[in-house]
Amino acid sequence: MKQNRRQFINRTLAGLATMSVSPGVLGRNITFANESYESKPWIELSKAAYLHNASQISQMSAGKPIVAVLKNNAYGLGEVQVAQLLDQSSHIFGMAVVKDESALAMRSSGVIKPILLMGDFDTALADSLRQQNITLSIFSRESLKKVRQIAKDSSQVVQVALYIDTGLGRMGIPYQEAISIAKEIAGTNHLSITQTFSTLTTPKDFAQVQIDRFEKITNELGKKGVPTGLKHLAPSYSILDISVSHQDAVRPGILLHGSFPLANMSEAEKYPLQVPYCLKAPVIRLEKLKAGDTIGFSRFYQVEQDEWIATLPIGWADGYDSGAENGAKVLLAGELYPVVNVNASHVNVSLGAHTKVRIGDVATLIGPEHSEITPEGFGKLVKGHNYLQINYKESFTKHVYETF
């Protein structure tokens, strides 16, 4: 009976599935997995390391409470999981996010401490945000109208934060209008200002200008009897560099995840942070390439002598920096091996002429075990900023441990 194309393909695939492929088939040394193994990358989190980092940040800021910034899915590490861990720290006042669904997801997961929504919200979620006691930021007259509508429809007090733009220029009430809008908020039934904050720029001289503007506004509001609640300004860099920025609380992001905002900061010795996460992926393919063979669409890597190449199921589309192919390493079977190619979906690792690595073995791409694979070590090897090394897909599975 004549087969159509679909039947031919299906029969061929079925036949291949039953074959036991050994090295040498198809003219190359290739090994495939014969047993089940993990096929996707994942992230592991350490509760002990996150609590340690919170304690260190508290020391940096002379004991000021911490508003933990977990925006952008906690820099790709899992906003809900990290929030659940930090919720257990006595040094953490609360969490801060920029998306309404993030705030609700944290609260639904059991996070008890205050949650500040620094961004806008969908009006369809207004009731849920109020019911879950999410602190809403007022950053413009338009946002004040939206929050006022929530208060009008509620018999409960809605907690709000006065978000002042002191010079960053991207979000917040222009500082020239902050006092008048704060007075409007204070005069609205069922609205209560529980926090007042701004965001500082990096240059120290202008950051001081911003601090002066902020303090002038909050002092004036105090004189007029307008409450300001908890005041906070300092991101990670300012916590370390400008003590006057600490105000009532500090607002770190990257420090919580074990990285300093700049490489080789002297404070790293005084306040040792711990890497609280590991990025891991399994080996899904092994191939022994011959001298002269190349890897990648652009033939980025050329093999100089016969060597084994491992393939990991993670790439730049998953948030792993493409610059890794310029010198980064991964930990595999107890040894460090160089990354030689990164594409959208895969990473290739050179294992040398002989290898003890097998399909299914787990590679650590980022982790605390060796200095070369810590976020700082990785950043130095790829000549990239620490902030850019934490940008992983939200779909990655997260596993939480007491400690590594």
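Keep in mind it's a predicted model, so treat the numbers as computed, not measured. (Residues numbered from 1 in each chain as written. Predicted model: local features only at pLDDT ≥ 70, side-chain atom pairs only at ≥ 80, totals over all residues. Heavy atoms only, no water.)

### Section: the pairing of strand β15 (residues 307-312)
Consideration 1: Within β15, 6 of the 6 residues are buried, leaving the element largely enclosed by the surrounding structure.
Consideration 2: Neither face of β15 is open: one carries Glu-307, Ile-309 and Thr-311, the other Trp-308, Ala-310 and Leu-312, and all of them are buried.
Consideration 3: Sheet analysis places strand β12 (residues 285-289) next to β15, joined by 5 bridges and oriented antiparallel. Directly across from Arg-285, in β15, lies its bridge partner Thr-311.
Consideration 4: When β15 meets strand β18 (residues 347-352), the two strands line up antiparallel, connected through 5 bridges. Across the sheet, residue Ile-309 finds its bridge partner in β18, namely Ser-350. (Buried < 20%, exposed > 50% of the residue type's maximum accessible area, 1.4 Å probe, protein only. Helix = DSSP H or I, 4+ residues; strand = E, 2+ residues; numbered from the N terminus. Pairing = 2+ DSSP bridges.)

### Topic: the side chain of Glu-307
Consideration 1: Mapped onto the elements, Glu-307 comes out in strand β15.
Consideration 2: No salt bridge is formed by the buried Glu-307. Its closest oppositely charged neighbour is Lys-288, at 11 Å.
Consideration 3: A distance of 2.8 Å separates a polar atom in the side chain of Glu-307 from a polar atom in the side chain of Tyr-301.
Consideration 4: Among residues more than four places away in sequence, those in contact with Glu-307 are Glu-287, Lys-288, Leu-289, Tyr-301, Ser-350, Gly-352 and Ala-353. (Lys, Arg positive; Asp, Glu negative; His and termini not counted. Salt bridge = Lys/Arg side-chain N within 4 Å of Asp/Glu carboxyl O. Polar contact = N/O pair within 3.5 Å; in protein donor to acceptor, adjacent residues only side chain to side chain. Contact = heavy atoms within 4.5 Å.)

### Observations regarding the environment of Gly-296
Consideration 1: Structurally, Gly-296 is set in the loop between β13 (294-295) and β14 (301-302).
Consideration 2: The class of Gly-296 is partly exposed, set by a relative accessible area of 40%.
Consideration 3: In this structure the C-alpha to C-alpha distance between Gly-296 and Asn-343, which are 47 residues apart in sequence, comes to 7.5 Å.

### Remarks on the pattern of salt bridges
Consideration 1: For the coordinates displayed, the defined rule picks out 13 salt bridges.
Consideration 2: Two residues, Lys-224 and Glu-220, come together in a salt bridge whose shortest N-O distance is 3.5 Å.
Consideration 3: Among the residues examined, Lys-224 registers a relative accessible area of 43% and is labelled partly exposed.
Consideration 4: Judged by its relative accessible area of 28%, Glu-220 is partly exposed.
Consideration 5: The salt bridge partner of Arg-285 is Glu-287, with a shortest N-O separation of 2.6 Å.
Consideration 6: One network of salt bridges, in which partners are shared, links Arg-141, Arg-148, Glu-177 and Glu-184.

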